[in-house]
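Geometric and topological summary
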Amino acid sequence: MRHSGSFTFAIITIISIMHLASAFAPSVRSISGRGSILPALTRSYTSTISAVQREVVLKAHDPSKSYDVIVIGGGHAGSEAATASARTGARTLLLTQKVSTLGELSCNPSIGGIGKGHLVREIDALNGVMGDVADASGIHFRMLNRRKGPAVRGPRAQMDRDLYKDNMQHLLLNGDWMGMENLSVLEASAEDLLLEEGEGIETLTPFSEPGSDDISSSSNSGEASRLEKAKASSSAKANADDRRARIRGVVAIDSATNERIEIESSTVVLTTGTFLRGVLMIGHERYSGGRHLRDSEEVEPPSVGLALTLERFGFPLGRLKTGTPARLDGRTIDWDACNIQPSERPALPFSHLRQSRGEEPPLAAVGNLIDCYQTATNELTHKMVMDYADLLPRYDGMEGKGNGPRYCPSIYKKVERFAERKSHNSFLEPEGLTSDVVYPNGMSGPYPEEIQQKIFRSMKGLETVEIFRPGYDVEYDFVNPQVLTHTLETKSIAGLYLAGQICGTTGYEEAGAQGIIAGANAGRAAGAAYRGENAPIPFVLGRDEAYIGVLIDDLVTKGATEPYRMFTSRAEYRISLRADNADLRLTRKGAEYGLVTDPERLAALDMRETLITDNVERLRTFKLFVTDWAKRGGNDLMGGAAANRPGREGHKKSAEEILGMPNVSLKDVEQIMADVFEEEKEATESEIDSLDPTPSSVYDTVEASVKYKSYVVRQEKDIESWRKAQGAKIPPTIIYDHAIMPTFSKEEIEKLNRFRPSTFAEASQISGLTPQSIVYLYHHVMRLNKESRQKSREAEAAR
């Protein structure tokens, strides 16, 4: 008979289609200059931006009105913080200098990547907005690390820059879906915080300490204990001695009237990005600003008053820098001289709802995709990069060198750091379906404009390229995030939350991940206080639950000495934290904490859980003799010649066991199962249906959960043995060298030599040192100790 999971899938699909016809009917958007009509987001947007602004965007501040949460900044952290806060029921105000720049992709036109794609899927699993908007705006899709295991594969999509901004604005400025009736937007520039000061002042928006009824979802006892400590340290009682003030609101300059206004609220989420005392630089030219407006010479002003207030309260401020490359004129590029990189089809969405419905992202579904291209630097490029180095800016941080992102370095840093390399790849990414602007990924360098053009023209395919806009750097203040709790609330100012680049991170995805946590906690605490409810439990994710948990735990426990970027190697539980299972890990918890309010999302989760359970059970119960597996799948595929060893004829293995072998795919196994099914059907002349393959919506999860089953057990043992050994000593004479520790990154070797930790507990607190490397170091030290004891015994015996 037909597999029961397929029946469940069919029923729920019919229900979903009926539901979508009424509640999720997509609007359409006409793309200027193309004449095509494209589907929009998974939610319903039936109003134009201008019509919606009359309802959501405030023309002026009403002095009699107060808010539970004010979010300062409308970038990626601010968008997630504002929508998360609104979904919890909190009265939320999003404060932005310009409504027209909400959702702007300030640098590269892409979302996702290795580690970053995991964050986007986790944001989506918590009902966040980034994944949905990225799907609706994506014009080029790839799964990075596809040849590696599922745990380290990273979904990435390139955006149409205008579509992304338009779609994000549609979402933020539409007040008729899932809590957005609680969100208002005001165009104003935040100048300072309104505070009530006093040593040990009582918070008005407390969190309670976790009680016996607050059961951790962690299956690991060590991680569960760590998570409970994180929640307890976020409570009102835990931070009473550190508290010097509490939030009363925000001082701002109203863009419409240019008047100073005071807006009252009980919490504030600061998402200032690169605006905190930002300075822009091209060559030796320096000028104040947070960023350049796109397609304009106009500069958005920096935030100085907020930085001075943070400084006054003793927040540990530092300077970081980042850069964006020049934008090239695609009409002047010799595309035939470059290597083409087409989009993958079918394109995999970030949205779990789209995945559950078996849909591609909308532009991919209608074939509206672009190609990207690859070129590379050469020895002439590198010579110019170094010859003109004296024309680069002098920064405030690191004695003039600037403290920029290690893993998204400027072309100068690449050439300086890897002098032995003769070329570095650069990917040419068109910024839109109808745009001639091209983003040269990997080529940031704030040389004077004429030098930037010379450098680009030394590269293949760019010999006659013209620059639309020169690249520039921005240096800005950040706060060492060790002054935050795991809710991202500051310890010294009650009700003040930080998220995004102000916490020392780099990247849209890292910012969005912090935004959803800060917004959720601010909204839950302030909303409960306003309604007179009991103080809520903090919303904190464990390191074994999410990359978001890894990100925030790294920040608040280790701090940031340089811009932090997420990688899969930072997660000790990465085998369990895959991009394909983010909804299974987080959606139900999000619903329990009031973040997930979409009934279709919960129905989709139920459907996926049922399908996964049924399909894994089908693999577990289907068995064949080992020799039959080898005969049908081939010796090389099914375990080699060992499968036909004498005495193996009577040994059976399940499809689940076979799938757990290294070179076997779920498709291979199901093809054999289908063949056997058809043979039995013909032999019995049965009228039953054929065996259906695992649906695409759960294929990756079914395959990965089976293949990684034994590795998850091993992962738990490694981490548990390491935890027990944190007090172990590291010999002071140990040599940290890549030749001895080949799996260590250059960053890890550099930091171990700089800090020289004396114990593994100290080593675990070094930012940038991954859990896997600490485990490797532990085994290396244990081996050295064993060899030392052996030599001592031999020397003793020789006496």
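Scroll up for the structure.
Residues numbered from 1 in each chain as written. Predicted model: local features only at pLDDT ≥ 70, side-chain atom pairs only at ≥ 80, totals over all residues. Heavy atoms only, no water.

Comments concerning the pattern of salt bridges
Heads up, the rule is: When a carboxyl oxygen of Asp or Glu is within 4 Å of a side-chain nitrogen of Lys or Arg, the pair counts as a salt bridge. By definition, any uninterrupted DSSP run of H or I lasting at least four residues is a helix, any uninterrupted run of E lasting at least two residues is a strand, and each is numbered from the N terminus. Buried means the residue's accessible area, taken with a 1.4 Å probe over protein chains only, is under 20% of the maximum for its type, while exposed means over 50%, and partly exposed covers the values in between.
Counted according to the given criterion, the structure contains 55 salt bridges. The salt bridge involving K589 is made with E545; its shortest N-O contact spans 3.1 Å. In this pair, K589 is assigned in helix α16 (residues 582–592) and E545 in the loop between α14 (508–531) and α15 (547–558), connecting sequence segments 44 residues apart. In this pair, the class of K589 matches that of E545, namely buried. The network of salt bridges with common partners includes R277, R286, E311, R319, D396 and D477.

Re the layout of surface pockets
Under the convention used in this document: A pocket here means an open set of points on a 1 Å grid, computed over the protein atoms alone, that has protein on both sides within 12 Å along at least five of seven lines. A cavity is instead a set of points where a 1.4 Å probe fits but cannot get out; residues with an atom within 4 Å of a point line either one. Grid points are joined across faces, edges and corners, and a volume is the space filled by probe spheres set on the points. Each residue is assigned to one of three groups, with Ala, Val, Leu, Ile, Met, Phe, Trp, Tyr, Cys and Pro labelled nonpolar, Asp, Glu, Lys and Arg labelled charged, and all others, Gly among them, labelled polar.
Approximately 1,200 Å³ is the volume attributed to the second largest pocket. Taken together, 48 residues make up the lining of the second largest pocket; nearest its centre are E572, R574, Q715, I719 and Q772. When contributions to the lining of the second largest pocket are tallied by element, the ones reaching two or more residues are α7 (221–233), α15, α21 (696–707), α22 (709–724) and α25 (771–798). Here the lining of the second largest pocket is composed, by residue class, of 16 nonpolar, 17 polar and 15 charged.

Some words on the sheet that holds strand β8 (residues 154–159)
Put simply, the rule is: Whether two strands pair comes down to DSSP finding at least two bridges between them. To get an axis, fit a line to the C-alpha atoms, keeping to the stretch in contact for a helix; angles then go from 0 to 180 degrees between the N-to-C directions.
Ordered in space as β6-β8-β7, the three strands form an open sheet in which the pairing is antiparallel. Of all strands in the sheet, those bounded by a partner on one side alone are β6 (110–112) and β7 (138–144). Put simply, the sheet's adjacent strands are angled 20° from each other on average, direction ignored. Examined bridge by bridge, β7 and β8 share six bridges and lie antiparallel to one another. Across the sheet, the residue bridging to M143 is P155, located in β8.

Some details on the pairing of strand β23 (residues 472–479)
Within β23, eight of the eight residues are buried, which leaves it mostly tucked inside the rest of the structure. Along β23, one buried face is formed by Y472, V474, Y476 and F478 and the opposite face, lined by D473, E475, D477 and V479, is buried too. Two strands pair when backbone bridges link them, and strand β12 (residues 279–282) and β23 are joined in this way by three bridges, in the antiparallel orientation. Its bridge partner being in β23, V279 is matched across the sheet by E475. Taken together, the eight bridges between strand β16 (residues 317–324) and β23 define a ladder with antiparallel strand orientation. Bridged to T324 within β23 is Y472.

Quick word on the packing of helix α4 (residues 116–125) against α14
For the record, the criterion: Should an angle fall under 35 degrees it is taken as roughly parallel, and over 145 as roughly antiparallel, whereas 65 to 115 is taken as roughly perpendicular and any remaining angle as oblique. Crossing chirality is assigned from the near helix's rotation relative to the far helix, an anticlockwise turn below a right angle marking it left-handed and a clockwise turn marking it right-handed. The contact rule is simple, with two residues in contact once any of their heavy atoms fall within 4.5 Å.
Contact geometry of α4 with α14 gives a least axis separation of 9 Å together with a crossing angle of 30°. Regarding the angle of α4 to α14, the classification is roughly parallel. The crossing of α4 and α14 is left-handed. The residues of α14 that touch α4, namely those facing K116, L119, V120 and I123, are E509, E510, G512, A513 and I516. Among the residues making up the contact of α4 with α14, the classes are represented as five nonpolar, one polar and three charged.

A closer look at α25
The condition that has to hold: Expected helix span is given by 1.5 Å per residue-to-residue step, counting one fewer step than there are residues.
For α25, with 28 residues, the first-to-last C-alpha span of 41 Å sits near the 40 Å given by 1.5 Å per residue. For α25, the set of buried residues is P771, S773, I774, V775, L777, Y778, H780 and V781.

As for the nonpolar core
The condition that has to hold: To form a nonpolar core, buried Ala, Val, Leu, Ile, Met, Phe, Trp, Tyr and Cys residues must be joined to one another through side-chain atoms within 4.5 Å.
Of all hydrophobic cores here, the largest spans 107 residues; its most connected members are I70, L95, I111, Y164, L496 and I548. Looking at which element gives the most residues to this core, the answer is α14, with 10 residues. Ignoring sequence-local partners within four residues, the contact set of L496 consists of L193, I247, V268, L270, L310, F315, L488, E489 and T490. In this structure, I612, A655, L659 and V706 belong to the second largest nonpolar core, which totals 23 residues.

Treat this as a map of the structure, not an account of what it does.
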